[in-house]
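Geometric and topological summary
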Amino acid sequence: SQTIHQWPATLVQPVGSPLSLECTVEGTSNPNLYWYRQAAGRGLQLLFYSVGIGQISSEVPQNLSASRPQDRQFILSSKKLLLSDSGFYLCAWSRGQGTSAARGYTFGSGTRLTVV
Amino acid sequence: KQEVTQIPAALSVPEGENLVLNCSFTDSAIYNLQWFRQDPGKGLTSLLLIQSSQREQTSGRLNASLDKSSGRSTLYIAASQPGDSATYLCAVGLYSGAGSYQLTFGKGTKLSVIP
């Protein structure tokens, strides 16, 4: 069965510090991978998605970047955090294009980031 | 641009009641629709996935319907329990211009079931 791991669960970082959040998927190959942010009182906002190694698409211009160094690894980064980067970050995967399996997302457990 | 709206934003019901959560979307060219549950401070748990060719899906006390032509979906919860208290999110799946599959989310309905 497929599982998705996301860490850390919580993080408190000072303004201007770097960020690295990691997400890995097990039990599948060539997944589509996604990073979402959920700010207090707002809906889920798609930040980045990836359909393959090294392929990153950004949905919203911002202080963050994403990388996919391996097929089942997705990393969210920032060189210098802003207060506005605080939020709940969620990683998700779906089956890659071309498969006949029913699609849909499976989410990780999330990272609560507080920038102080 | 696809927009997803969920009504009501919050709902409080006594235990045992049947209830309906509503979701509407502006672009009917969807691939599928997924309902999630989110407990406070937690990730999203998938409840039901309806493909665009389907009318409904059922899992236990949950039943989700889809009317693609009118841009609506409902999540029906039978015999509600305090453990059903959570935020319920509706999301529509479609392909982006770049060919990738993406979900667009509503802001959710926060459900409280009172014992």
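Structure: see above.
In short, a report on the structure. Values in this document were obtained by computation on a predicted structure and should not be read as measured data.

1. Regarding the state of the cysteines
- Applying the stated criterion across every chain, the model contains two disulfides over all chains.
- Through a disulfide, Cys 23 of chain A is tied to Cys 91 of chain A; the S-S separation comes to 1.9 Å. Torsion about the S-S bond of the Cys 23 of chain A and Cys 91 of chain A cystine: about -75 degrees, corresponding to left-handed handedness. Remark: Cys 91 of chain A occurs in strand β9 (residues 87-94) and Cys 23 of chain A occurs in strand β3 (residues 19-26); sequence separation between them is 68 residues. Here Cys 23 of chain A matches Cys 91 of chain A in class, with each residue buried.
- Through a disulfide, Cys 23 of chain B is tied to Cys 90 of chain B; the S-S separation comes to 2.0 Å. Note on the Cys 23 of chain B and Cys 90 of chain B pair: the S-S dihedral is about -60 degrees, so by sign convention the disulfide is left-handed. One end of the pair, Cys 23 of chain B, is in strand β3 (residues 19-25); the other, Cys 90 of chain B, is in strand β9 (residues 86-95), with 67 residues separating them in the sequence. Neither Cys 23 of chain B nor Cys 90 of chain B differs from the other in exposure class; each is buried.

2. Thoughts on the interface of chain B and chain A
- Counting residues at the interface gives 23 residues for chain B, matched by 22 residues for chain A.
- When chain B packs against chain A, close to 1,600 Å² is buried across both sides, 55% of that on carbon and sulfur atoms.
- Among the secondary structure elements, those contributing two or more residues to the side of chain B that touches chain A are β4 (32-38), β5 (44-51), β9 and β10 (101-105) of chain B.
- Tallied by class, the residues present in the side of chain B that touches chain A amount to ten nonpolar, eleven polar and two charged.

3. Considering the pattern of salt bridges
- Considering all chains together, one arrives at four salt bridges over all chains under this definition.
- Asp 71 of chain A is the partner of Arg 68 of chain A in a salt bridge, and the nearest nitrogen-oxygen pair spans 3.2 Å.
- Across the pair Arg 61 of chain B and Asp 84 of chain B runs a salt bridge whose closest N-O atoms are separated by 2.8 Å. Here the residue Arg 61 of chain B occupies a position in the loop between β6 (56-59) and β7 (62-67), and Asp 84 of chain B occupies one in the loop between β8 (72-77) and β9, the gap between them amounting to 23 residues.
- On the basis of relative accessibility, which here comes to 28%, the residue Arg 61 of chain B falls in the partly exposed class.

4. Quick word on the nonpolar core
- Counting 23 residues, the largest nonpolar core has Leu 33, Trp 35 and Leu 75 of chain B as the members making the most contacts within it.
- Broken down by secondary-structure element, the contributors of at least two residues to this core are β3, β4, β5, β7, β8, β9 and β11 (109-114) of chain B.
- Looking at this core, the element that brings in the most residues is β9 of chain B, giving five residues.
- Membership of the second largest hydrophobic core comes to 20 residues, among which are Leu 11, Tyr 89, Cys 91 and Trp 93 of chain A.

5. A word on the side chain of Arg 68 of chain A
Residue and element names in this part refer to chain A.
- Take Arg 68: it is sitting in strand β7 (residues 65-70).
- A distance of 2.5 Å separates a polar side-chain atom of Arg 68 from the backbone oxygen of Asp 71.
- Excluding anything up to four places from it in sequence, Arg 68 contacts Asn 30, Pro 31, Asn 32, Leu 33, Ser 50, Val 51, Gly 52, Ile 53, Gly 54, Ile 56, Gln 73 and Phe 74.

6. Focus on the packing of aromatic side chains
Residues and elements named next belong to chain A.
- Tallying each qualifying case throughout the model produces nine aromatic pairs over all chains.
- Taken together, a centroid distance of 4.3 Å and an interplanar angle of 25 degrees make the contact between Tyr 34 and Tyr 105 stacked. Taken together, the positions of Tyr 34 in strand β4 (residues 32-38) and Tyr 105 in the loop between β9 and β10 (106-107) put the pair 71 residues apart, joining distant regions of the chain. You'll find Tyr 34 and Tyr 105 in the same group, each marked buried.

7. Considering the environment of Asn 32 of chain B
- When you line up the elements, Asn 32 of chain B lands in strand β4.
- Sequence-distant contacts of Asn 32 of chain B, defined by excluding residues within four places in its chain, comprise Arg 103 and Gly 104 of chain A together with Leu 49, Ile 50, Gln 51, Ser 52, Ala 91, Val 92, Gly 93, Tyr 101 and Leu 103 of chain B.

What counts and how
Residues numbered from 1 in each chain as written. Chains lettered and ligands numbered in written order. Predicted model: local features only at pLDDT ≥ 70, side-chain atom pairs only at ≥ 80, totals over all residues. Heavy atoms only, no water. Disulfide = S-S within 2.5 Å. Helix = DSSP H or I, 4+ residues; strand = E, 2+ residues; numbered from the N terminus. Buried < 20%, exposed > 50% of the residue type's maximum accessible area, 1.4 Å probe, protein only. Contact = heavy atoms within 4.5 Å. Buried area = accessible area lost by both parts, 1.4 Å probe. Nonpolar A, V, L, I, M, F, W, Y, C, P; charged D, E, K, R; others polar. Salt bridge = Lys/Arg side-chain N within 4 Å of Asp/Glu carboxyl O. Core = buried A, V, L, I, M, F, W, Y, C linked by side-chain atoms within 4.5 Å. Polar contact = N/O pair within 3.5 Å; in protein donor to acceptor, adjacent residues only side chain to side chain. Phe/Tyr/Trp six-rings, centres within 6.5 Å; stacked < 30°, edge-to-face > 60°.

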